[in-house]
Structure formats: structure tokens, C-alpha cells
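Descriptive analysis of the structure
Chain by chain, the residues run as shown.
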Amino acid sequence: MNSENTSRSATRPYVRPRNDRDLDACVRALAAVHERDGYPVNWPERPGDWLAPPSLLAAWVADLDGEVAGHAGLSLAGTGDVAPGLWSARAGVGPEATAVVSRLFVAPGARGHGIGRLLLDRAVSGARARGLHPVLDVVASDTAAIALYERLGWELLAEVEQEWGPRQTVTVRCYAAGG
């Protein structure tokens, strides 16, 4: 067994709260994700602000070998968020009983370490610690993310069309965490 394989198998990612010093590394990772996968669909004019919206409750990064390898946010439901309304209608509560898992991505070079699952688990536990039910939406063409959510037991609430601009209609799948 060579040393490269040994060090790779010994590497374990961990998730920690995001801090302001992480934002530049998060933007670089997000740019790589956008280039490879097209997420986000529309590149934000100010990606650092996009990662830190006013509705943000918490954000985490995955660290792999001292580098930011992924990101997840947890936000209050906002205007245009469909998943909170769908889940709350089913549960008989208001959308304020939900938290939206958002800005979830893993840098292309860090994939295959279970980072998406770690980040999603941390966001879910963050929502539940606040007494909120986690929901999310995902562009219907993002089959890798959809497969992750469904493998982890997220419940599909609906597939809906959203207007993201005067000439842009996007199909999104809305999910709620199981349990």
C-alpha cells in the first residue's frame, strides 16, 4: 500500500460552524461547483452575500485536510420558498415551524467522502434543535442531490414550476426531512 492511499483513507472530513474567514474559500468552492454542475443555476452577483442571506439561522462548512470542502446553510422560510408551505399545510402548522436547508454544496475535488451527508445531517440537527422541521428544494435536473435526499429518507412533497425571472421557469422538487 503506498503512502498516498494510506493518507487518503485516513482523511476524515468534519463539519464545523462557518465563520467570516471561511467565506472566500466557500465562494471558490461554489464557483467550482457552478462550473461543473451548474449550481447555483444563476450565478449570484455577490456570491458571499448569497451564502449569507438575512434570513440565515446558521451555516456550516465541511473541512477536509484543512480546506473548505463543502457548505450548508439553514434559513427561515422566505418569500418564494414553496417547501415550507407544502410541509406546513400537511402538518397543520404555519411555515414559521420550518427551517430551509439551503446553499448545500460539496466541492468537486472533495466528493466521495460523505461530505454531503455530514452537512445535511448537521443542518437537520440544527433545525430540530431550534424546534423547526427541515425542508428544502432542489432543481429537478440535479439528480445527484435528489438521489442523496431520497437515500437519506427525505419525503418528496411536490414538484413545482417556479418563475425565477421574466424568461426563466425552473422545475423544483420540494422535500421535507423524514421523521
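The preceding data block contains the structure.
Residues numbered from 1 in each chain as written. Predicted model: local features only at pLDDT ≥ 70, side-chain atom pairs only at ≥ 80, totals over all residues. Heavy atoms only, no water.

1. Concerning the sheet that holds strand 1 (residues 14-17)
Two strands in a sheet stick together by hydrogen bonds in their backbones, pointing the same way (parallel) or opposite ways (antiparallel). Rules: Strand pairing requires that DSSP identify at least two bridges connecting the strands. Under the DSSP-based scheme used, a helix requires at least four consecutive residues in state H or I and a strand at least two consecutive residues in state E, with every element numbered from the N terminus. For helices, the axis comes from a line fit to the C-alpha atoms of the stretch in contact; other axes are also lines fit to C-alpha atoms, and the angle between any two N-to-C directions lies between 0 and 180 degrees. Working rule for contacts: check all heavy atoms of both residues, and any pair within 4.5 Å makes them a contact.
Strand order in the open sheet formed by seven strands is 1-2-3-4-5-7-6, and the pairing between neighbours is mixed. A single partner strand is all that each edge strand has here, and the edge strands are strand 1 and strand 6 (155-165). In this sheet, neighbouring strand axes are inclined to one another by 30° on average, regardless of whether the strands run parallel or antiparallel. Note: strand 6 against strand 7 (residues 168-176), nine bridges, orientation antiparallel. Residue pairing in the sheet places Ala 158 in a bridge with Cys 174 of strand 7. Across the sheet, helix 2 (residues 23-37) touches strand 2 (56-64), strand 3 (67-75) and strand 4 (98-106), and the angle it forms with strand 4 is around 75°. The sheet contacts of helix 5 (residues 115-129) involve strand 1, strand 2, strand 3, strand 4 and strand 5 (133-139), and relative to strand 4 the element is tilted by about 160°.

2. Overview of the packing of aromatic side chains
The criterion, for reference: Centres within 6.5 Å make a pair out of two Phe, Tyr or Trp rings, where for Trp the six-membered ring is used; the pair is then stacked when the planes are under 30 degrees apart, edge-to-face when over 60, and tilted otherwise. The classification of residues rests on relative accessible area computed with a 1.4 Å probe and restricted to protein chains. Under 20% of the type maximum is buried, over 50% is exposed, and intermediate values are partly exposed. Two conditions define a charge sitting above a ring: the NZ of Lys or the CZ of Arg must be within 6 Å of the ring centre, and it must be within 35 degrees of the ring normal.
Evaluated as defined, the whole model comprises three aromatic pairs. Between Tyr 39 and Trp 50, the aromatic rings sit 5.9 Å apart at their centres with planes inclined by 65°, giving edge-to-face as the arrangement. Highlighted residues: Tyr 39 in the loop between helix 2 and helix 3 (47-50) and Trp 50 in helix 3, separated in sequence by 11 residues. Here Tyr 39 falls in the partly exposed class, since its relative accessible area comes to 23%. The ring of Trp 50 has Arg 103 sitting right over it, with the charged end atom 4.1 Å from the ring centre.

3. Concerning the pairing of strand 7
Note: strand 5 against strand 7, five bridges, orientation antiparallel. Bridged to Leu 136 within strand 7 is Tyr 175. Taking the residues between adjacent antiparallel strands as the criterion, strand 6 and strand 7 are bridged by two residues.

4. Section: the side chain of Arg 173
Defined as follows: Throughout this description, a polar contact denotes any pair of N or O atoms lying within 3.5 Å of each other; where both atoms belong to protein, one of them has to be capable of donating a hydrogen while the other can accept it, and for residues adjacent in sequence the pair is counted only when both atoms sit in side chains.
Mapped onto the elements of the fold, Arg 173 is located in strand 7. You can call Arg 173 buried: its relative accessible area is 17%. In terms of polar contacts, Arg 173 uses its side chain to reach the side chain of Glu 159, at 3.1 Å. Here Tyr 175 takes part through its side chain, which lies 3.0 Å from a polar atom of the side chain of Arg 173. For Arg 173, the contacting residues outside a window of four places in its chain are Leu 136, Asp 137, Val 138, Ala 140, Ile 146, Glu 150, Leu 156, Ala 158 and Glu 159.

5. Focus on unusual backbone geometry
Cis geometry marks the peptide bond from Tyr 39 to Pro 40, where omega comes out at -5°. On the secondary structure map, Pro 40 appears in the loop between helix 2 and helix 3. One non-glycine residue with positive phi stands out, namely Asp 65, at about 55°. A residue is classified by how much of its surface remains accessible, and Asp 65, at 60% relative accessible area, is exposed. The backbone of Arg 103 shows a phi angle near 55°, a positive value even though the residue is not glycine.

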